[in-house]
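Secondary and tertiary structure notes
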Amino acid sequence: PSMPPPTPSATPAPSSAAPVTEVTLDKDGFATVADVYHSLAPTEKAVFIIRHSEREDAVTIETELTANGIKMAQDLGATLKSDEEFSYITSGFVRTNETANNISKGRGEATLPKLITNYDITGNWFLKITADELAQYGTNLGMRGGSVELMSHWAYGEPYADALYDLEPRAQEFMQTVILKNLSKWKRVSIMVSHDILVMPLAVFGSEKKVALKYYEDYHWINYIAGLAIIADEQNNLRYIPVKGAESGVIDYLAIYMEEYNKKK
């Protein structure tokens, strides 16, 4: 299918502070974390909520990053070098802690950061049932992509009221009770490392459904170290820019499948 033309730029809300530099979005609707960081006005605060870096295959609290995942996080950190101290907030899982530590290392920070654990970002924020039940729910509906396919349908407007909260009000509640409630405790820039089932809906919400994460159409899912920049002005008005810490903000499962299929031929 032909891709939509690239969006020329994110249009930030006007601010009384210094004019904000416009940030270019790629064809999938993502800007780089570094571009957004360097575009911030001095009076703005930003929380970059991103998915953890590439992990090993098992999915438990103890699952670690792959060697490539460690490199990805350090490479992202290298694009954010500055004298500024960041706050690092994680879900407390090994893979989110390792991601935060390696971004810090890539930035050249002399000591490992003091990680702040936030249990609202373990991934269940939008779910009314467990993640395992959600996967089964998708399968029961005949979705071969399980919870990934189900969540993409839901994020772009299909209500599954017995399994998932309504996206818009629940995302707004997240901004109030998790972000704005804690913002004064965190430094000007925070890296918040969470999981795909929280970060993917937030990216869809923050982009007003413009990001290309419609798994049910194009097999795209949120990539590692991609997510949403949440930017607050002095009055705590928020604006949002979907961000990527790697080359792409999406994992293209169709391309991966085709590559594996061609190898087998």
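Everything here concerns the structure above.
Section: the packing of helix 4 (residues 131-140) against helix 5 (residues 146-155)
Relative orientation of the contacting elements helix 4 and helix 5 amounts to 80°, with a least axis distance of 7 Å. Put simply, helix 4 runs roughly perpendicular to helix 5. Along the contact surface, helix 4 presents Leu 134, Ala 135, Tyr 137, Gly 138 and Thr 139, while helix 5 presents Gly 146, Ser 147, Leu 150 and Met 151.

Topic: the pairing of strand 8 (residues 238-244)
Most of strand 8 sits inside the fold, with 5 of its 7 residues counted as buried. As defined by bridge partners, strand 1 (residues 31-32) adjoins strand 8 across 2 bridges and the pair is classed as parallel. Its bridge partner being in strand 8, Thr 32 is matched across the sheet by Lys 244. Sheet topology places strand 7 (residues 226-232) next to strand 8; 7 bridges connect them, and they run antiparallel. Note on strand 8: the bridge partner recorded for Ala 229 is Ile 241. Between strand 7 and strand 8, which follow one another and run antiparallel, lie 5 residues, and Asn 236 among them has a positive phi close to 65°.

Looking at helix 7 (residues 196-206)
The element helix 7 is extensively covered by neighbouring structure, given that 11 of its 11 residues are classed as buried. Buried within helix 7 are the following residues: Asp 196, Ile 197, Leu 198, Val 199, Met 200, Pro 201, Leu 202, Ala 203, Val 204, Phe 205 and Gly 206. Positive backbone phi, at 55°, marks Glu 208, one or two positions downstream of helix 7.

Let's talk about a nonpolar patch on the surface
A cluster of nonpolar side chains, Tyr 219, Tyr 253, Leu 254, Ile 256, Tyr 257, Met 258 and Tyr 261, forms an exposed patch at the surface whose accessible area comes to about 650 Å². The residue Tyr 257 is located in helix 9 (residues 253-264) in this model.

What to know about the pattern of salt bridges
Evaluated as defined, the whole model comprises 11 salt bridges. Residue Asp 26 pairs with Lys 244 through a salt bridge whose shortest N-O separation is 2.9 Å. With Asp 26 in the segment before strand 1 and Lys 244 in strand 8, this residue pair connects regions lying 218 residues apart in the sequence. Residue Asp 26 shares its accessibility class with Lys 244, and that shared class is buried. Between Asp 28 and Lys 27 there is a salt bridge; the shortest N-O distance is 3.3 Å.

What to know about the sheet that holds strand 8
What the 7 strands build is an open sheet, ordered 1-8-7-2-5-3-4; its pairing is mixed. This sheet does not close on itself; its edge strands, each paired only once, are strand 1 and strand 4 (115-117). Taken together, the 4 bridges between strand 3 (residues 87-90) and strand 5 (residues 189-194) define a ladder with parallel strand orientation. Its bridge partner lying in strand 5, Tyr 88 is registered against Ile 191.

Description of the environment of Val 204
Mapped onto the elements of the fold, Val 204 is located in helix 7. Judged by relative accessible area, Val 204 falls into the buried class, the value being 0%. As a C-alpha pair, Val 204 and Val 94 span 110 residues in sequence and 26 Å in three-dimensional space. When sequence neighbours within four positions are dropped, the list of residues in contact with Val 204 reads Ala 155, Tyr 156, Leu 167, Lys 209, Val 211 and Leu 213.

Notes on the side chain of His 220
Topologically, His 220 is positioned in strand 6 (residues 220-222). With near-sequence residues (within four places) excluded, His 220 lies in contact with Asp 28, Ala 212, Leu 213, Lys 214, Tyr 215, Val 250, Ile 251 and Asp 252.

Brief notes about helix 2 (residues 67-78)
In this model helix 2 runs 17 Å from its N-terminal to its C-terminal C-alpha over 12 residues, within 8% of the 16 Å that 1.5 Å per residue would give. Taken residue by residue, helix 2 has Gly 69, Met 72, Ala 73, Leu 76 and Gly 77 as its buried positions. Down the axis of helix 2, the smallest arc covering the buried residues is 135°, so these residues share one side. For helix 2, the secondary structure elements touched by its buried residues are helix 1 (33-39), strand 2 (45-51) and helix 3 (94-107).

What about the environment of Tyr 156?
Within the secondary structure, Tyr 156 sits in the loop between helix 5 and helix 6 (167-182). The buried category is assigned to Tyr 156, whose relative accessible area is 13%. Separated by 121 residues in sequence, Tyr 156 and Asp 35 place their C-alpha atoms 27 Å apart. Contacts of Tyr 156, omitting those with residues within four sequence positions, involve Met 200, Val 204, Lys 209, Val 211, Ala 212, Leu 213, Lys 214 and Tyr 216.

Considerations on the pairing of strand 3
Here strand 3 shows two buried faces, one formed by Ser 87 and Ile 89 and the other by Tyr 88 and Thr 90. Of the strand pairs in this sheet, strand 3 and strand 4 are connected by 3 bridges, and their pairing is parallel. Residue pairing for strand 4: Tyr 88 is matched across the bridge by Leu 115. For the crossover that starts at strand 3, traverses helix 3 and ends in the parallel strand 4, the hand is right-handed.

Conventions and cut-offs
- Residue numbers run consecutively from 1 along every chain, following the written order of its sequence.
- Given that this is a predicted model, residues contribute local features only at a pLDDT of at least 70 and side-chain atom pairs are listed and counted only at 80 or more, while totals for whole chains, interfaces and linings are drawn from all residues.
- Excluded from the side-chain calculations are hydrogens and water; all other atoms, namely the structure's heavy atoms, are used.
- Interaxial angles span 0 to 180 degrees and are taken between N-to-C directions of axes, which are lines fitted to C-alpha atoms, for helices over the stretch in contact.
- By the criteria applied, helices consist of DSSP H or I runs no shorter than four residues and strands consist of E runs no shorter than two, each listed in order from the N terminus.
- The labels follow the angle: roughly parallel below 35 degrees, roughly antiparallel above 145, roughly perpendicular from 65 to 115, and oblique for the rest.
- Any two residues whose heavy atoms approach within 4.5 Å at even a single point are treated as in contact.
- Here's how the labels work: a residue is buried when its accessible area is under 20% of the maximum for its type, exposed when over 50%, partly exposed in between, all with a 1.4 Å probe on protein chains only.
- What makes two strands pair is DSSP finding at least two bridges between them.
- To count toward a patch, a residue needs a relative accessible area above 30% and no salt bridge. Like charges then connect within 9 Å, nonpolar side chains (Val, Leu, Ile, Met, Phe, Trp, Tyr) within 5 Å.
- Exposure was quantified through the Shrake-Rupley algorithm and a 1.4 Å probe, taking into account, for residues, occlusion by the shown protein chains and nothing else.
- Only one rule defines a salt bridge in this text: a Lys or Arg side-chain nitrogen within 4 Å of an Asp or Glu carboxyl oxygen.
- To estimate how far a helix should reach, multiply one less than its number of residues by 1.5 Å.
- Arc, as used here, means the arc of the directions from the helix axis to the C-beta atoms.
- Convention used here: a crossover is right-handed provided that the path from the first strand, over the helix, to the second strand proceeds clockwise when the strands point away from the viewer.

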